[in-house]
Amino acid sequence: MATSTGIWLRRETAPNEQRTPLVPGDAAELVAGGVRVTVEESAHRAFPAVEYERAGCRVVPGDTWPDAPPNDVVLGLKEPSFASSALSHRHVFFGHAYKGQDGGPGLLGRFTAGKGTLLDLEYLTDDAGHRVVAFGYWAGYVGAALAVLQHRGQLKAPLTELTRPELDGQLRDSANGARALVVGALGRSGQGAREALAVAGVPATAWDIAETRDLDRDALLDHDILINAVFATEPGTPFLTAADVARPGRRLTVVSDVTCDVTSACNRLPIYQQVTDWAEPVRRLHDEPPLDLISIDNLPSLLPRESSVAFSHGLLPQLTALVSRRAAVWSRCEEHFHHALRTMTSNK
């Protein structure tokens, strides 16, 4: 028998976003388990609508999620379009609204207006506080790969989506003796970054909490490439400052900020104010000595199929638990949402 709660997979409207949190194979498992799955048409999703139809899903026009049954969970990756300004359902996506980011109050205001709930995927954690599912591995992989290609003078703009074999082929194409530092090396993003560097044949120094507690700034600047893969939940010592950027004799020439906390108080790289994008992936921060920045906030989208398959596989059991309303991980998500609303109200 079908459950009363369905999953409504909406299309993504953010630029260069071909990923999906639910791939057809995993949607088929939900359907087989009695879950009603509705999928919006999308011209950009890496998986065509016909694959979802074959999986037993109902396919509907894009941006019709405001008309979803009240009990349905609306699933996506980025903030929903303004097909409806007020958000009245339970929505699952990455909100990026709880750490003081630009746009956070506006997004939370949409939920206040519609009396809906945000179940933020960033706060889907186990009892120990570890994230249950994330795109971090692929964010780190792509962030490190782009940094290597930029250091070699081989990064071409605008960026376009790739497969992993295509990207790995570029990484193996040549080497130039660079040394890289991965900060946050033990997390998902750090692991992905180190794997890409290994494919590229670039030696990597791995730092994590122990190495950044008392930061050796000279050692940091003595690398060619810096990959910031730290998932910070509170302010801390910056890894780079304006003085470091201007320091004569600095070896560091490429920074890839996988974390992209640029508008948050938790930002560990307060040396820039705006992310880069696919059209212009690199920004020159300093000329002599040169320092280039890569700060793209949807890095896994460059490998849309690989990253979607991995994420969907991890999310599937959580979605099954969500529709049956028996998982503490989702209760914790909801608690974070209500705390954010209270904080926003008290700060007015």
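Refer to the structure presented above.
By convention here, each chain's residues receive numbers from 1 onward along its written sequence. Confidence filtering applies because this is a predicted model: local features only for residues at pLDDT of at least 70, side-chain atom pairs given and counted only at 80 or more, and all residues used for totals across whole chains, interfaces and linings. To obtain the side-chain values, all non-hydrogen atoms of the structure were used and water was disregarded.

Trainee: How do you make sense of unusual backbone geometry when you look at a structure like this?
Mentor: Excluding glycine, most residues fall at negative phi; most peptide bonds, likewise, are trans. Omega for the bond connecting Ala157 with Pro158 falls within 30 degrees of zero, at 0°, which places this linkage in the cis form. Only DSSP runs of H or I with at least four residues qualify as helices, and only runs of E with at least two residues qualify as strands; both kinds are numbered from the N terminus onward. By the secondary structure assignment, Pro158 is in the loop between helix H4 (136-151) and helix H5 (164-171). Cis geometry is adopted by the peptide bond preceding Pro289, which originates at Glu288 and carries an omega value of -10°. Even without being glycine, Asp63 reaches a positive phi, approximately 65°. Take Asp63: it is sitting in the loop between strand S3 (58-60) and strand S4 (73-75). Exposure categories follow from relative accessible area, calculated using a 1.4 Å probe and restricted to protein chains: below 20% of the type maximum is buried, above 50% is exposed, and the middle band is partly exposed. Asp63 gets classed as partly exposed once you look at its relative accessible area, which sits at 22%.

Trainee: What is the right way to look at the environment of Ser42 in this model?
Mentor: Relative to the helices and strands, Ser42 is located in the loop between strand S2 (37-40) and helix H2 (49-54). Here the side chain of Ser42 touches His44 through a polar contact of 3.2 Å, landing on its backbone nitrogen. The term polar contact refers here to a pair of N or O atoms within 3.5 Å; inside protein, the definition further demands a hydrogen-donor-capable atom paired with an acceptor-capable atom, and it admits residues adjacent in sequence only when both atoms are side-chain atoms. Side-chain polar atoms of Ser42 contact the backbone nitrogen of Arg45, separated by 3.1 Å.

Trainee: Looking at this model, I keep getting lost on the state of the cysteines. Mind explaining?
Mentor: Joining two cysteines, a disulfide is a covalent bond between their sulfur atoms. By convention in this document, the label disulfide applies to cysteine sulfur atom pairs within 2.5 Å. Across all of its chains, the model carries 0 disulfides by this definition. Of the cysteine sulfurs around Cys266, a residue in no disulfide, the closest is that of Cys260, at 14 Å. A residue is classified by how much of its surface remains accessible, and Cys266, at 6% relative accessible area, is buried. Note on Cys333: no disulfide assigned, nearest cysteine sulfur contributed by Cys266 at a separation of 18 Å.

Trainee: Any chance you could explain the packing of H5 against helix H6 (residues 188-200) here in plain terms?
Mentor: Angle between the axes and distance between the axes are the two parameters that describe a pair of packed helices. Where H5 meets H6, the closest approach of the two axes is 8 Å, and the angle between their N-to-C directions is 55°. Between H5 and H6, the angle is such that the two are oblique. The handedness of the crossing between H5 and H6 comes out as right-handed. Between H5, through Arg164, Asp168 and Leu171, and H6, the contact on the second element is made entirely by Glu195, Ala196, Val199 and Ala200. Every axis corresponds to a line fitted to the C-alpha atoms, with the helix fit spanning only the stretch in contact, and the corresponding angles, defined between N-to-C directions, vary from 0 to 180 degrees. Each angle is binned into one of four classes, with values under 35 degrees roughly parallel, values over 145 roughly antiparallel, values of 65 to 115 roughly perpendicular, and all other values oblique. Each helix crossing is assigned a hand: it is left-handed if the near helix lies turned anticlockwise from the far helix by less than a right angle, otherwise right-handed if that turn is clockwise. Residue contacts follow a heavy-atom distance rule, with two residues in contact if any of their heavy atoms lie within 4.5 Å.

Trainee: What is the right way to look at the environment of Glu211 in this model?
Mentor: Relative to the helices and strands, Glu211 resides in helix H7 (residues 209-212). A distance of 2.7 Å separates a polar side-chain atom of Glu211 from the backbone nitrogen of Asp208.

Trainee: Sorry, what's going on with H6 here?
Mentor: An α-helical segment advances 3.6 residues per turn. Residues three or four places apart therefore align on the same side. Between its first and last C-alpha, H6 extends 19 Å over 13 residues, near the 18 Å set by a 1.5 Å rise per residue. Listed as buried for H6 are Ser189, Gly190, Gly192, Ala193, Ala196, Leu197, Val199 and Ala200. Residues of H6 that are buried make contact with H4, H5, strand S7 (180-183), strand S8 (204-207) and strand S9 (225-228). Helix span is expected to be 1.5 Å times the residue number reduced by one.

Trainee: In this structure, what is going on with the packing of aromatic side chains? I would like to understand it.
Mentor: Each pair of aromatic rings is reported with the distance of its centres and the angle of its planes. Ring pairs are drawn from Phe, Tyr and Trp, using the six-membered ring of Trp, whenever the two centres fall within 6.5 Å, and their geometry is named by plane angle: stacked under 30 degrees, edge-to-face over 60, tilted for the rest. Here the structure, examined in full by the defined rule, presents 9 aromatic pairs. Between Phe93 and Phe111, the aromatic rings sit 6.3 Å apart at their centres with planes inclined by 20°, giving stacked as the arrangement. Remark: Phe111 occurs in helix H3 (residues 104-114) and Phe93 occurs in strand S5 (residues 90-93); sequence separation between them is 18 residues. Phe111 matches Phe93 in its accessibility class, with the two residues each being buried. Consider the rings of Tyr137 and Tyr141, whose centres lie 6.2 Å apart with planes at 35°: the pair is tilted. Here the residue Tyr137 and the residue Tyr141 both occupy positions in helix H4, the gap between them amounting to 4 residues, near one helical turn. The buried category is assigned to Tyr141, whose relative accessible area is 0%. Counting every residue linked through ring pairs, the aromatic cluster contains Phe93, Phe111 and Phe337. Positioned above the aromatic ring of Phe231 is the side chain of Arg131, whose terminal nitrogen or guanidinium carbon lies 5.1 Å from the ring centre. A ring has a charge above it when a Lys NZ or an Arg CZ is no more than 6 Å from the ring centre and no more than 35 degrees off the ring normal.

Trainee: Could you clarify how one ought to interpret the side chain of His91 in this entry?
Mentor: For His91, the position within the fold is in strand S5. With sequence-adjacent residues up to four places away left out, His91 is seen in contact with Trp65, Val74, Pro80, Phe111, Thr117, Leu118 and Leu119.

Trainee: Could you clarify how one ought to interpret the sheet that holds S9 in this entry?
Mentor: When DSSP finds at least two bridges between two strands, those strands are taken to pair. The mixed open sheet is built from 6 strands, whose spatial order is S8-S7-S9-S10-S12-S11. Across the chains shown, the open sheet's two edge strands, defined by having one partner strand only, are S8 and strand S11 (283-286). On average, each strand axis in the sheet is inclined to that of its neighbour by 20°, with strand direction left out of account. Of the strand pairs in this sheet, S7 and S9 are connected by 4 bridges, and their pairing is parallel.

Trainee: Is there a simple way to explain the sheet that holds strand S6 (residues 117-120) in this structure?
Mentor: Remark on secondary structure: sheet strands pair via backbone hydrogen bonds, oriented parallel or antiparallel. Here 6 strands make up an open sheet; going across it, the order is S3-S2-S1-S4-S5-S6 and the pairing parallel. Each end of this open sheet is capped by a strand with a single partner; those strands are S3 and S6. The sheet shows a mean angle of 25° between the axes of neighbouring strands, direction not considered. Bridge count for strand S1 (residues 7-9) against S4 is 3 bridges, and the pairing is parallel. By the bridge assignment for S4, Ile7 is matched with Val73.

The values reported here are purely geometric and, on their own, carry no functional implication.
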